[in-house]
Amino acid sequence: MQYVSRYFLILLLFLSVSCKQNAKDNPELSSKTANSPGIISIGTGGSLTPLQVKDLIQENPGLIIIDLRTPQELELGMVENAINIDMYNQNFLSDIKGLKKDEKYLLYCSVGGRSSAASELMKNEGFTSVFNSKKGFSSLKAEGITVKK
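Not measured: the values here are computed from a predicted model. (Residues numbered from 1 in each chain as written. Predicted model: local features only at pLDDT ≥ 70, side-chain atom pairs only at ≥ 80, totals over all residues. Heavy atoms only, no water.)

Glancing now at the sheet that holds strand β4 (residues 83-84). Sheet architecture is open: 5 strands sit in the order β1-β6-β5-β2-β4, paired in parallel fashion. Single-partner strands in this sheet number two, and they are β1 (45-48) and β4. When strand β5 (residues 104-108) meets strand β6 (residues 129-133), the two strands line up parallel, connected through 4 bridges. The residue of β6 that forms the bridge with L106 is F131. Packing against the sheet, helix α2 (residues 50-59) makes contact with β1, β2 (64-67), β5 and β6, and its axis sits at approximately 130 degrees to β1. (Pairing = 2+ DSSP bridges. Helix = DSSP H or I, 4+ residues; strand = E, 2+ residues; numbered from the N terminus. Contact = heavy atoms within 4.5 Å. Axes fitted to C-alpha atoms, helices over the stretch in contact; angles between N-to-C directions.)

Shown next as structure tokens:
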């Protein structure tokens, strides 16, 4: 029953997440464009493209990067300096609640669904600066973000 309720909670999170925000529609974000370089301003967070994720990592050395994938998915590697908090693990909620709410976080997963749901969960829990990657690990790797095996 515990597993059913956990998966039900995750399903509800996925269903409750509204359409992913486009960074240009989010007034808290400014991204680099082809004609004018900019800096991603840190506010309450938002959904980022792989290029914006790369910029965020480079411009924020204290950023805490969380990989939400399973141990099997981690065999493909993970973003350098990321920590793994498996969203499907039974300790996921307690692991998230144990994090400092005033730190800056970047979340990613395989394709963007789990990171979107987890960022909404974290915002609802009172975290002040949470970003999620719209795309998954493969897209981040393709963008040139440093990964480790």
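Alright, that's what it looks like, and here's the rest.
On to α2. Of the residues making up α2, those classed as buried are P50, Q52, V53, D55 and L56. For α2, the elements touching its buried residues are β1, β5, β6 and α6 (137-142). (Buried < 20%, exposed > 50% of the residue type's maximum accessible area, 1.4 Å probe, protein only.)

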